[in-house]
Every structure is written in structure tokens, then in C-alpha cells.
Amino acid sequence: MTRFLLVSRSAEYESRLRRLIRARLQIVPAEYVTFGAEAVVDKVVGQPRIALLGPLLSFEETKALSESLSARYPGIGLIVVREQRSDLEDWVDGMEIHAVLSPDAADSTNEGLITRLDSWLAVSGRLPDDGEEFIDESEVEEAEGDDVLVALLNPQFERESRPALEETDLDDESEPEAESEPDPAEPEWILPPIAENVRSEVIVVAAPKGGQGKTTTAINLAAGLAEVEPNSVVLVDADVQFGDIANALDLEPHYSLTDVAQAGTDEVALKALLAHHDDDFFVIAAPPSPELADHVTTASLGALLDRLATMFRYVIVDTTPGLGEHTLTALEHATDGVFVTNMTVPSLRALRKEFELLVALNLVPNNRHIVLNFVEKNNGLLRKDAETIIGAQIDVEVPRSTAVVLASNDGVPLIHHDVRDPAAKAIRGVVLRIDPTAVPTRKRIHRKARA
Ligand SMILES: Nc1ncnc2c1ncn2[C@@H]1O[C@H](COP(=O)(O)OP(=O)(O)OP(=O)(O)O)[C@@H](O)[C@H]1O
Ligand SMILES: [Mg+2]
């Protein structure tokens, strides 16, 4: 019975896979693709569970094959066999495939991936579980230096099948070296797990690099939380030199952080210095000019945040890019860190370095939320890649959207400016992480919506 299908142009690859999978493998030569993908599918005997496509197939051929096979055999697992190339992401975005495997991958890697995909297809209900062993263990060769499992691409498959693989590795005494085999899908460094049940109070929005969306996130977080806790949210612009929250909210505050940080702890005196926003939250603007930042000492900022936490249900703090002394102070006083990054490798790497340093300093807030901003398709990077670089899971993805800039230019929080915009909806995901009851009701949104 055919369990696996290989459509290939490489006799060498065919014989390698044949040796590994034996009788359960049907090979259809890629020459048939010349007559169309359907001609290949017509050659298939039985019900293949997994099809391997390649090597040496073009993008169009692979795409047509994956579509025809999925149509004929719903739920089939699809693996593209291909070198890691710079255009790999285009391939991945262009078709519904589960994984990419290097033609040079060692037998143990091939076996691991195929086993994993096969059991995931059963566990996830895509295909029935027939409980069969299908790879001859005696034929499996150890991984060698050039072994490359390029990528596991289907995020759901990647996520759900990982424990299954780990179990396999543990049980597998015949292959002691397989455990130490580097798995590129596994980050070398992982953000340590978080403490549970810490009530969110002081939420600091930070990023190692500028322009990632900190201010946008902080403003919308304040607006979203104020829907549930009106007048019990304060937004502090601790981007001490160049903070622009007042601008982005079209406010002209009489006082700034310089004044508030020096005002002492009296609640009434403090409240008198805060600006109020129409969306029912308070704002402490950054000093109006950069040189005034010197008046905001870290000690006074820390004391202010602690005091505000006793007066308000939520204190949201926007910060300067990087880990300057004010940002470190804010993080020291935070229950929550919202870390924002865009989807470029330098920004993702910088965030990872920021985490490494914060872990070393023991300054990672108890609750943390990672926001991937400016998300767009076809930028050459997948969420999974971003997570590998950061060494932590991404919690919320916010798409790139012109509505963000329009809202900022109009001085209105995005979530109330363009309720239906995808970025506005996504950013509400950050609000919900802080307060799961902050579900936007019609009443709440319409009361505020201006668009
Ligand atoms: N998802 C998005 N789509 C499109 N534009 C966005 C998005 N997020 C933020 N922007 C825009 O990008 C610019 C930078 O965003 P923002 O000011 O929030 O970043 P920041 O991290 O606070 O920057 P800085 O480091 O300068 O303080 C702004 O013009 C903002 O309107
Ligand atoms: Mg900013």
C-alpha cells in the first residue's frame, strides 16, 4: 500500500528515500509533470498520507502538485524537498505546505520529520491514525555535519508536533547522538518562564530600537483599558527627551513629567498636574524640551510610578528606545513589560539581546507580552523565524496599516479612530492580555468612536 509519495527528478534522492521507506513509498518521476500536475496525481496508487515534492522541481511545478494532491487527497501532508535558498520564503508563502526538507538532510532528520508529520496529521484529525510503523530503523543512518532540516513551516504543525518529537528523542536509546544534534528550529536561548498570578498594574512598553510602535501600543493600551476602568488609567510618557504622546493625542498639557516627578506624593496635588483625555484616561506628558529631562531623576521616576500605582488601577509607561536608566527604572517598578519589535532581523536580534541583559539584571517584569508590529506578508520572515531569533513566543501580531498613521495625525487612539482596521483589532489583543474582560462592546466603542 502506498503511504508516501515522492515526485522527484533526482535518481539519487529517490534511492535514498526508497532505502529509508521501502515498500510504502511510491515514486512518480517528475517527467509526468510536463503533462500537468493532474497527470502525476493520476499515476498515484492508493491513499498517500505524505507527499515529498522535489528536489529539482520548479516553483510552478511544486505549487501545481501541492494543489492537485490536496484536492485529490484532502489532509495529505506535504513536504517540499529543496535547498535552503534566499527565495524560500516566496515558496512558502505561495503554497500550502507543511515543511521544507533539505535534500542533504541525514536519514535521522528525514525520519524525525516524516514521523512527526505523520503522527501530527493523525492527532490533529486531518487523517485517520492507522498506528503503523513505517520506517525501517535498521536503515536509519546517523546525522552528519551537513544535515539540514531547513524549516518546519506550518506554524500549527510546528507548535503541536514538537512534544511528540521530544518524546521520540527521549525513548530512542539506539541513537544517543541524535539528542545532541542541533535543531535549527530550536532557539539556543529561551526567555525563562514567567511567574504566575501577578496582578497587572504598572505596564511598561519598551523596545531596544526606535520607531517600533511603543507609543502607538502605549496609547491604545491606555484607551482600551480605560474603556473598562474609566478614569483609573494613567499614561506616563517616560520617553524623557523626545516623548510625543501629547502630540499623538492632540493634547496641550500645562504640566509635564518634570513637574509631576517633583510634586511629592500628595494625591490631590499630583492629580492636579495630570492632563485628562476625552477617552477617560489621564496623561503625564514628557518634558516639553530635551534638556528638561535632566530634572527627572530615576529615583523620582521610580517613586512616582509606585505612587501612581496606588492611585490608579493601571499605570502605562511609554519609554525611550533602548535600556537607558529611565527605562531600566520603569522596568524595575513594572508588573508587566510589553516588548515591541518590527519584523526585521536587526530589531529581533536587538530584542533578544535586550532580554538577555534584562534576565542578567533580573529586571524582566513578571508578566510579559511580545508584540510583533508592522507585520506584512512576503517580507521574507515568518513568525516562527522571528520567535527563534527572539528566543520567546510572540503574543500579538499587529499588521502594518496606514490607519495607524492617520489616527496619530488626527490625535486620536487608533482603536477609537478606525474601529474596524485590522491593526486596531490586533492591538486590542494587547489590551485583552492585560484585562481579559476588556472585550470591546458596541456601547464602549461607539461612545468613543469619532471616525
Ligand atoms: N502597525 C503599524 N502600521 C503602520 N504604521 C505604524 C504601525 N505602528 C506604528 N506605526 C507608525 O510608525 C511610527 C512609529 O511608531 P511609534 O511612534 O508608535 O513608535 P515608537 O517605538 O514609539 O517610536 P520612538 O522610538 O520614536 O518613540 C509612527 O508614525 C506610527 O504611526
Ligand atoms: Mg515613542
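Analysis parameters
- Residues numbered from 1 in each chain as written.
- Chains lettered and ligands numbered in written order.
- Predicted model: local features only at pLDDT ≥ 70, side-chain atom pairs only at ≥ 80, totals over all residues.
- Heavy atoms only, no water.
- Helix = DSSP H or I, 4+ residues; strand = E, 2+ residues; numbered from the N terminus.
- Buried < 20%, exposed > 50% of the residue type's maximum accessible area, 1.4 Å probe, protein only.
- Contact = heavy atoms within 4.5 Å.
- Areas by Shrake-Rupley, 256 points an atom, 1.4 Å probe, with all protein chains shown as cover.
- Near = heavy atom within 4 Å.
- Polar contact = N/O pair within 3.5 Å; in protein donor to acceptor, adjacent residues only side chain to side chain.
- Nonpolar A, V, L, I, M, F, W, Y, C, P; charged D, E, K, R; others polar.
- Phe/Tyr/Trp six-rings, centres within 6.5 Å; stacked < 30°, edge-to-face > 60°.
- Lys NZ or Arg CZ within 6 Å of the ring centre and 35° of its normal.
- Salt bridge = Lys/Arg side-chain N within 4 Å of Asp/Glu carboxyl O.
- Core = buried A, V, L, I, M, F, W, Y, C linked by side-chain atoms within 4.5 Å.
- Lys, Arg positive; Asp, Glu negative; His and termini not counted.
- Axes fitted to C-alpha atoms, helices over the stretch in contact; angles between N-to-C directions.
- Parallel < 35°, antiparallel > 145°, perpendicular 65-115°, else oblique.
- Left-handed = near helix turned anticlockwise from the far one by under 90°.
- pLDDT = per-residue confidence, 0-100.
- Pairing = 2+ DSSP bridges.

K.L.:
Please give an account of the overall build of the protein chain that cites residues and values.
P.N.:
A count of helical and extended segments in the protein chain gives 18 helices and 14 strands. Scored against the burial criterion, the 451 residues of the protein chain give a buried share of 54%. If you take every contact in the protein chain between residues at least 6 apart in sequence, the share linking residues at least 24 apart comes to 75%. Of the roughly 20400 Å² of accessible surface on the protein chain, a fraction of 50% belongs to carbon and sulfur atoms.

K.L.:
Describe in detail the site of ligand 1, supporting the description with residues and values.
P.N.:
Not every one of the 17 residues close to ligand 1 is listed here, only the nearest: Lys214, Thr215, Thr216, Asn373 and Ser401. Within the contact set of ligand 1, an oxygen atom lies 2.9 Å away from a backbone nitrogen or oxygen of Gly211. Measuring from an oxygen atom of ligand 1, one finds a backbone N or O atom of Gly213 at 2.9 Å. Protein contact buries 79% of the 630 Å² of open area that ligand 1 shows by itself. Mapped onto the shell around ligand 1, the elements with two or more residues apiece are α7 (214–228), β13 (367–375), β14 (396–399) and α15 (402–410). The element contributing the most residues to the shell around ligand 1 is α7, with 3 residues. Of the residues belonging to the shell around ligand 1, the class tally is 6 nonpolar, 8 polar and 3 charged.

K.L.:
Talk me through the packing of aromatic side chains; I want residue IDs and the actual numbers.
P.N.:
Within this structure, the stated rule accounts for 2 aromatic pairs. In this structure, Lys271 is placed above the aromatic ring of Phe312, and the distance from its NZ or CZ to the ring centre is 5.2 Å. Residue placement shows Arg313 over the ring face of Tyr314; its charged tip is 4.2 Å from the ring centre.

K.L.:
So, the pattern of salt bridges: which residues are in play, and what are the values?
P.N.:
Within this structure, the stated rule accounts for 17 salt bridges. Two residues, Glu356 and Arg352, come together in a salt bridge whose shortest N-O distance is 3.3 Å. Of this pair, Glu356 and Arg352 are both found in helix α13 (residues 345–361), 4 residues apart, which corresponds to roughly one turn of the helix. We classify Arg352 as buried; its relative accessible area is 15%. Note that Lys384 is salt-bridged to Asp385, the shortest N-O span being 3.4 Å.

K.L.:
Before we move on, could you go through the nonpolar core and cite the residues and values that matter?
P.N.:
Among the nonpolar cores identified, the biggest contains 45 residues, and Val234, Ile284 and Leu308 are the most heavily contacted of them. Element by element, the count of residues in this core is highest for helix α11 (residues 298–311), at 5 residues. Once residues lying within four places of it in the same chain are set aside, the contact partners of Leu308 are Val234, Val236, Ile284 and Val315. One finds Leu221, Leu235, Phe281 and Ile434 within the second-largest nonpolar core, a separate group that totals 37 residues.

K.L.:
How would you summarise the side chain of Glu14 if you had to cite specific residues and measurements?
P.N.:
Relative to the elements of secondary structure, Glu14 occurs in helix α1 (residues 11–21). The buried charged residue Glu14 lacks any salt bridge partner; its closest oppositely charged side chain belongs to Arg18, at an N-O distance of 7.3 Å. Residues within four places of Glu14 in sequence aside, it is in contact with Leu6, Ser8 and Ile27.

K.L.:
Which residues make up the packing of α7 against helix α17 (residues 422–434), and what values go with them?
P.N.:
With their axes 9 Å apart at the nearest point, α7 and α17 run at an angle of 55 degrees to one another. In terms of orientation, α7 and α17 fall into the oblique class. The way α7 lies across α17 gives a crossing that is right-handed. Contacts between α7 and α17 involve Thr216, Thr217, Asn220, Leu221, Gly224, Leu225 and Glu227 from the former and Ile427, Arg428, Val430, Val431 and Ile434 from the latter. Among the residues forming the contact of α7 with α17, the class breakdown is 6 nonpolar, 4 polar and 2 charged.

K.L.:
Report on helix α14 (residues 383–390), specifying residues and quantitative values.
P.N.:
Taken across its 8 residues, α14 has 7 buried, putting it largely inside the fold. Following α14 by one or two positions, Gly391 adopts a phi angle in the positive range, close to 85 degrees.

K.L.:
I'd like to hear about unusual backbone geometry, residue by residue, with values.
P.N.:
Look at the link from Gly54 to Pro55: it is a cis peptide, with omega at 5 degrees. Among the structural elements, Pro55 can be located in the loop between β3 (50–53) and α3 (59–72). Despite not being glycine, Leu56 shows a phi value in the positive range, around 70 degrees. Within the element layout of this structure, Leu56 appears in the loop between β3 and α3. For Leu56, a relative accessible area of 60% puts it in the exposed group. Of note in this structure, Asp250 is not a glycine but carries a positive phi near 55 degrees. You can see Asp250 is positioned in the loop between α8 (245–248) and α9 (257–261).

K.L.:
Go over the confidence of the model for the protein chain, please, and point to the residues and values.
P.N.:
Scored by pLDDT, the protein chain has a mean of 84; 82% of the residues are at 70 or more. Note on residues 143–150: pLDDT under 50 across the span, and 25 contacts to partners over four residues away in sequence or across chains. Note on residues 163–187: pLDDT is under 50 here. Beyond four places in sequence and across chains, it has 25 contacts.

K.L.:
Talk me through the sheet that holds strand β9 (residues 275–277); I want residue IDs and the actual numbers.
P.N.:
Backbone-to-backbone hydrogen bonds pair the strands of a sheet. The strands run either parallel or antiparallel. Strand order in this open sheet of 8 strands is β9-β10-β8-β11-β7-β12-β13-β14, and the pairing throughout is mixed. Here the strands that pair on one side only, and so sit at the sheet edges, are β9 and β14. Ignoring which end each strand starts from, the neighbouring axes of this sheet average 25 degrees apart. As defined by bridge partners, strand β8 (residues 233–238) adjoins strand β10 (residues 281–284) across 3 bridges and the pair is classed as parallel. Bridge pairing links Leu235 to Val283 in β10. Here α7 sits on the sheet and contacts β7 (202–206), β8, β10, β11 (314–319) and β12 (336–341); the angle it forms with β11, its principal contact strand, is near 170 degrees.

K.L.:
Could you give an account of the environment of Val198, with specific residues and numbers?
P.N.:
The residue Val198 is located in the loop between α6 (155–171) and β7 in this model. Overall, the relative accessible area of 26% leaves Val198 in the partly exposed class. Setting aside residues no more than four positions away along its own chain, Val198 makes contact with Thr335, Asn366 and Asn367.

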